Amino acid sequence: MNKRKGRYEQVKPKNLKNREYTSYEEAPLKEYGDSEPAPQNLTKKFLKVFAILFIAVIAVLALTNLDKLTSENIYNWFQYDLLGKTEGNGYPAKFSGMTVNNGGFGVMDGCPVYCSDTSLAVLNINAGEYLNTQHSFANPIIKINSGYTIAYNSGATGYKIINRDSVVYSGTMNNKIFDADIAPNGTYAVLTGGSNYLSELNVYKNDNTKKYTYSFAEYYVNSVSVNRDGTRAALGGVSAKNGALISALYILDFERDSYLQKYEFEDSFIYGIEYLDNGNVIAIGSSAVYFIDVENGKQNSFDYDMKTLTGYAKNRKNGVAISLSSDTDSRSSEVFIVDGEGKQSDFIDIDDKVKSLDLDGEHIAVLTSGKISVYDLKGKQIKVVDVEADSKKICFGGGSSLYVLGTSLISKSDFS
């Protein structure tokens, strides 16, 4: 009588001359794999196509972000975005210190930056800290441009320059600081009172050596914005003429001893100024927005028609957003944009008091009581996001994210 053969005895492993194992579980993996691997030429073709596509994507990203393709940014991308260094516990996040004023909050290359009464810090998308450094500024203000932030003690003499994860430089001026600004290449300007003049501008290279000085005798110049290349600056100042208020806007070239251009505006105080990346300049006045075509030496103004300025947001690439109100209690507002080419958008009606604005290349965000309304640049409402009642400033964070400053917390909202 023949014995029944076990089922494993009937199985012949592929490509094996001698049977050495009783089951596949005992055999090395390499011996019972597919006996007919993919042709090598097919694998090589796939890898070649993949490599070509990968290089093409990298090339497109590099070309569209050529101005940001520096060794420092590449290092930061590798350390923080790719490797996920400094993870964080998510938003909302409590900031260090007791208070952060509106002038001490912004976004640097998608990262929230704040300067509280005690600390200057940079956060990541998950509220982890890239940087947290102490300061002794009584009235801290920050200005951000690309990968740099300059923080200064308004009305005093100290300032700091930081990038994403380090303090680049700490310095002091001889006179009280009115304003400061920094270019993407690290060239920075500090505007102060003058010992023998009303105001003085000092410009420094990224190695902190002095590059340029200009003194103002006619106007109290109190606002400055440096151009993209760190070669020019726009400044705003105020004075009195025949008993009336008059403001001036200067364009300075750091290779010239005298000003390049000068404009005067009657009965208007300049609150802020922006040297746009395209070479034009926009100034926000108390009665109008002033647009300067620097190359052609022409200017245009956008009058408020007796309405009151209630808020504004500057963007170096996209112009300014302005909110106005005709009510004494500002319970209704209208918002408009003056873009980088000096074109004014249609008005957007807001049925509430505007607490903060921000502007990017495709959207305008408006913070009112307990909500953020996001519009496209034609005034069409895209999304309404509920936020805490104590929210006081908003900043676009890249993509569809918005960072929100409250009285004790920084939160994050999405409008996708």
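In what follows, the structure referred to is the one given above.
Keep in mind that this is a model prediction, so the values were computed, not measured. (Residues numbered from 1 in each chain as written. Predicted model: local features only at pLDDT ≥ 70, side-chain atom pairs only at ≥ 80, totals over all residues. Heavy atoms only, no water.)

J.: Got a minute to help me understand the sheet that holds strand β9 (residues 167-172) in this structure?
T.: Picture the strands of a sheet paired through backbone hydrogen bonds; they go either parallel or antiparallel. If you trace the 4 strands from one edge of the open sheet to the other, you get β6-β7-β8-β9, paired in antiparallel fashion. Of all the strands in the sheet, just β6 (140-145) and β9 have a single pairing partner and so form its edges. Each neighbouring strand pair of the sheet contributes to a mean axis angle of 15°, computed without reference to strand direction. Examined bridge by bridge, strand β7 (residues 148-153) and strand β8 (residues 158-162) share 4 bridges and lie antiparallel to one another. (Pairing = 2+ DSSP bridges. Helix = DSSP H or I, 4+ residues; strand = E, 2+ residues; numbered from the N terminus. Axes fitted to C-alpha atoms, helices over the stretch in contact; angles between N-to-C directions.)

J.: Looking at this structure, how should I read the pattern of salt bridges?
T.: For side chains bearing opposite charge, pairing can occur when the charged atoms are close. Applying the stated criterion across every chain yields a total of 10 salt bridges. The salt bridge partner of E218 is K262, with a shortest N-O separation of 3.3 Å. One end of the pair, E218, is in the loop between β13 (210-216) and β14 (220-226); the other, K262, is in strand β17 (residues 261-266), and 44 residues separate them in sequence. You can call E218 exposed: its relative accessible area is 52%. On the basis of relative accessible area, K262 is assigned to the partly exposed category, the value being 23%. A salt bridge links E274 to K314; the shortest N-O distance between them is 3.5 Å. Of the two residues, E274 sits in strand β18 (residues 270-275) while K314 sits in strand β22 (residues 308-315), which places them 40 residues apart along the sequence. Classification of K314 by relative accessible area gives partly exposed; the value is 28%. Each of the salt bridges in this network shares a partner with another, and the network as a whole consists of D181, E274, K314 and R316. (Salt bridge = Lys/Arg side-chain N within 4 Å of Asp/Glu carboxyl O. Buried < 20%, exposed > 50% of the residue type's maximum accessible area, 1.4 Å probe, protein only.)

J.: What should I look at first to understand the side chain of S325 in this one?
T.: Turning to its location among the elements, S325 is positioned in strand β23 (residues 319-325). Residue S325 is classed as buried on the basis of its relative accessible area of 2%. Looking at S325, its side chain comes within polar contact range of the main-chain nitrogen of D327, at 3.2 Å. Among the polar contacts made by the side chain of S325, one reaches the main-chain carbonyl oxygen of S332 at a distance of 2.9 Å. When sequence neighbours within four positions are dropped, the list of residues in contact with S325 reads K307, T308, T310, S330, S332 and S333. (Polar contact = N/O pair within 3.5 Å; in protein donor to acceptor, adjacent residues only side chain to side chain. Contact = heavy atoms within 4.5 Å.)

J.: How should I be thinking about the nonpolar core in this particular structure?
T.: The nonpolar side chains of soluble globular proteins are, as a tendency, buried together. One finds L201, F216 and L235 to be the most contacted residues of the largest nonpolar core, which totals 19 residues. Looking at this core, the elements that each hand over two or more residues are β11 (188-192), β12 (199-204), β13, β14, β15 (232-241) and β16 (244-253). With 4 residues, the single largest contributor to this core is β16. With sequence-adjacent residues up to four places away left out, L201 is seen in contact with A189, V190, L191, Y212, T213, Y214, F216, V224, L235, L252 and F254. (Core = buried A, V, L, I, M, F, W, Y, C linked by side-chain atoms within 4.5 Å.)

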